[in-house]
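Chain and residue survey
Spelled out, the chains give:
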Amino acid sequence: MKITEINHFNHHHKLKLSYSGTPYQCDGCKELGFGSCYQCNNEKCDFHLHENCGVAKPIATHSFFKNINFKYEKKGKQGKTCKACGKDVQGFMYKSKETYLHPSCLELPSTLNGDFNGRSLRLNLKVKASTKCLICQNKEISKGKLKGWAYISSCGKHCYHVGCVNNLNFENWKMGYFNQSQSGGVTNGLVFINEENRGSSSGRKENERPLMRYALNLIVQAVLGAVVSSWIS
Ligand SMILES: [Zn+2]
Ligand SMILES: [Zn+2]
Ligand SMILES: [Zn+2]
Ligand SMILES: [Zn+2]
């Protein structure tokens, strides 16, 4: 059962489980979120937490790390980066020895299933990219340092780093593009930035563009935490 109201050490008002129709920055982990969240009803506060940050599990595990328990910590560590996306851990995080993960990265669905004009599309979360990421055009997110997790389609054609999609989301969020999107964003697509450049630079066929855009949009939603578990099989 969902907890609909919480008291949280990070805020002096009660927080209610709500739905945010535009992306927000989580005041716990500092990453972006969308959809279900704990929110302060006092608008002046503009305070949001990912659902999983509001009611954080003290210990978490992940299928990529066998027999390892990650411990929830309230404070990030300067200069330490998330193993999944390569971004700094600036707030709530999960830690095991020298491995750090954002709560939102830890919760990324292992598979995303979509249907594009009757063509089924399946994207699997992998510990590293198998081909070049279609955003940064590299296999590693930070050369020689971090490979970074990636979503890869079962056909192998679509490969995107979680971290690159996360950066894309932040760019769009800072530019205010998410707020401009009409009729609720998600169904309309959350992919805006440099789509033309990114599509053409990879030398794909023109008719594959809509599918690429569709695949990227699925991942954008997953990274924002907008994918509800019932969509995942
Ligand atoms: Zn969070
Ligand atoms: Zn408040
Ligand atoms: Zn991360
Ligand atoms: Zn990339």
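The structure contained in this document is the topic of the report that follows. Each residue is numbered by its place in its chain's sequence as written, counting from 1. Lettering of chains starts at A and numbering of ligands starts at 1, both following the order in which they are written. A pLDDT threshold of at least 70 governs which residues receive local features in this predicted model, and a stricter bar of 80 or more applies before side-chain atom pairs are shown or counted, although totals over entire chains, interfaces and linings include all residues. Based on all heavy atoms of the structure, the side-chain values leave hydrogens and waters out of the count.

All right, on to the pairing of strand 3 (residues 32–40) then. Accessible area is worked out with a 1.4 Å probe on protein chains only. A residue is then buried under 20% of its type maximum, exposed over 50%, and partly exposed in between. Helix numbering and strand numbering both begin at the N terminus, where a helix is a DSSP run of H or I of at least 4 residues and a strand a DSSP run of E of at least 2. Across the 9 residues of strand 3, 7 count as buried, placing the element largely inside the fold. Where strand 2 (residues 15–25) lies against strand 3, 8 bridges are found, and the strand directions are antiparallel. Bridging across to strand 3, tyrosine 24 finds its partner in glycine 33. Pairing between strands requires that DSSP locate at least two bridges from one strand to the other. Between the antiparallel neighbours strand 2 and strand 3 lie 6 residues, among them lysine 30 with a positive phi of about 75°. By the bridge criterion, 3 bridges tie strand 3 to strand 4 (residues 48–50) in an arrangement that is antiparallel. From the neighbouring strand, glutamine 39 faces strand 4, where its bridge partner is histidine 48.

Once that is clear, we can look at the coordination of the zinc ion (ligand 2). The donor set comprises N, O and S atoms within 2.8 Å of the metal, extended to 3.2 Å for Na, K and Ca; water molecules are omitted, so apparent gaps in a site may simply reflect that omission. Protein coordination at the zinc ion (ligand 2) comes from His11 (NE2), His13 (ND1), Cys40 (SG) and Cys45 (SG), with a distance range of 2.1 to 2.3 Å. One way to put it: the 4 donor atoms around the zinc ion (ligand 2) meet at angles of 102 to 115°, and that makes the site tetrahedral. Mapped onto the polypeptide sequence, the residues donating to the zinc ion (ligand 2) form the spacing pattern H-x1-H-x26-C-x4-C. Overall, the relative accessible area of 12% leaves histidine 11 in the buried class. Since its relative accessible area comes to 29%, histidine 13 is described here as partly exposed. Each label reflects the angles at the metal, where four donors whose angles all fall between 85 and 135 degrees are tetrahedral, four or six donors whose opposite pairs open beyond 155 degrees and whose other angles stay between 65 and 115 are square planar or octahedral respectively, and the rest are irregular.

For a metal bound by four donors in tetrahedral geometry, the ideal donor-metal-donor angle is 109.5 degrees, whereas six donors in octahedral geometry ideally sit at 90 or 180 degrees. The protein atoms that coordinate the zinc ion (ligand 3) are Cys82 (SG), Cys85 (SG), His102 (ND1) and Cys105 (SG), at distances of 2.1 to 2.4 Å. One can describe the site at the zinc ion (ligand 3) as tetrahedral: its 4 donor atoms subtend angles covering 95 to 120° at the metal. Mapped onto the sequence, the residues coordinating the zinc ion (ligand 3) show the spacing C-x2-C-x16-H-x2-C. Of the two residues, cysteine 82 is situated in the loop between strand 6 (65–73) and strand 7 (93–96) and histidine 102 in the loop between strand 8 (99–101) and helix 2 (103–106); the sequence distance between them amounts to 20 residues.

Any Lys or Arg side-chain nitrogen located within 4 Å of an Asp or Glu carboxyl oxygen qualifies as a salt bridge. According to the stated counting rule, one finds 5 salt bridges in the structure shown. A salt bridge links glutamate 5 to lysine 16; its shortest N-O distance comes to 3.4 Å. Pair noted here: glutamate 5 is in strand 1 (residues 5–6) and lysine 16 is in strand 2, with a separation of 11 residues, a long-range link. When its relative accessible area of 35% is taken as the criterion, glutamate 5 is described as partly exposed.

Moving on to the sheet that holds strand 1. The pairing of strands in a sheet happens through backbone hydrogen bonds and is either parallel or antiparallel. Reading across the sheet, the 4 strands line up as 1-2-3-4 and stay open at both edges, with antiparallel pairing between neighbours. The sheet terminates laterally at strand 1 and strand 4, the two strands that pair on one side only. Residue contacts follow a heavy-atom distance rule, with two residues in contact if any of their heavy atoms lie within 4.5 Å. Lines fitted to C-alpha atoms define the axes here, with helix axes fitted over just the stretch in contact, and angles between the N-to-C directions of these axes take values from 0 to 180 degrees. The sheet contacts of helix 3 (residues 162–174) involve strand 2 and strand 3, and relative to strand 2 the element is tilted by about 90°.

Spanning 13 residues, helix 3 covers 18 Å between terminal C-alpha atoms, matching the ideal 18 Å at 1.5 Å per step. Among all positions of helix 3, only Val162, Gly163, Cys164, Val165, Asn166, Leu168, Asn169, Phe170 and Asn172 are buried. Count one or two residues on from helix 3 and you reach glycine 176, which has phi positive near 80°. Residue count minus one, scaled by 1.5 Å, sets the expected span of a helix.

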